[in-house]
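# What the coordinates show
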Amino acid sequence: MASSLLLPNPAQLAGDWELYAENQKATACQLQLRAPETILEGDLQCLQQLIGKPASGWLVTPDTLALMGSDDSAVVHFNRYRPNVYKWTTPAGTTLLLERKSKE
């Protein structure tokens, strides 16, 4: 029997996130995913250094979290890796993790 992924809504993913190269969490970029307008805020310069392109928004798909450019095109697609963590490998082979910060 086939199964399908449930599409999370933007409100479920909105909040504080960290983007970092695997095993380098101490140098993480601090990001905020805003909903319902799906705006990306925070240290966008740090984000651009890691992914190689500017991003200003985000989009939820069934199995990825896409970062969007100013022209509304997808810049990168982070694949669901584990709960509250998405993963993408750069063309240079660096693994980046996008992880939701725990609510304290």
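Refer to the structure presented above.
Residues numbered from 1 in each chain as written. Predicted model: local features only at pLDDT ≥ 70, side-chain atom pairs only at ≥ 80, totals over all residues. Heavy atoms only, no water.

## Digging into the pattern of salt bridges
For the structure on display, the rule yields three salt bridges. Between Lys25 and Glu99 there is a salt bridge whose closest N-O contact spans 3.4 Å. Here the residue Lys25 occupies a position in the loop between β1 (15–21) and β2 (29–34), and Glu99 occupies one in strand β8 (residues 95–100), the gap between them amounting to 74 residues. Classification of Lys25 by relative accessible area gives partly exposed; the value is 40%. (Salt bridge = Lys/Arg side-chain N within 4 Å of Asp/Glu carboxyl O. Helix = DSSP H or I, 4+ residues; strand = E, 2+ residues; numbered from the N terminus. Buried < 20%, exposed > 50% of the residue type's maximum accessible area, 1.4 Å probe, protein only.)

## Comments concerning the state of the cysteines
Taken as a whole and assessed by the stated rule, the structure comprises one disulfide. One disulfide in the model links Cys29 with Cys46; its S-S distance is 1.9 Å. The sign of the S-S torsion, about -75°, decides the handedness of the disulfide formed by Cys29 and Cys46: left-handed. With a gap of 17 residues between them, Cys29 in strand β2 and Cys46 in helix α2 (residues 44–51) connect regions that are remote in the sequence. Taken as a pair, Cys29 and Cys46 share a single burial class, namely buried. (Disulfide = S-S within 2.5 Å.)

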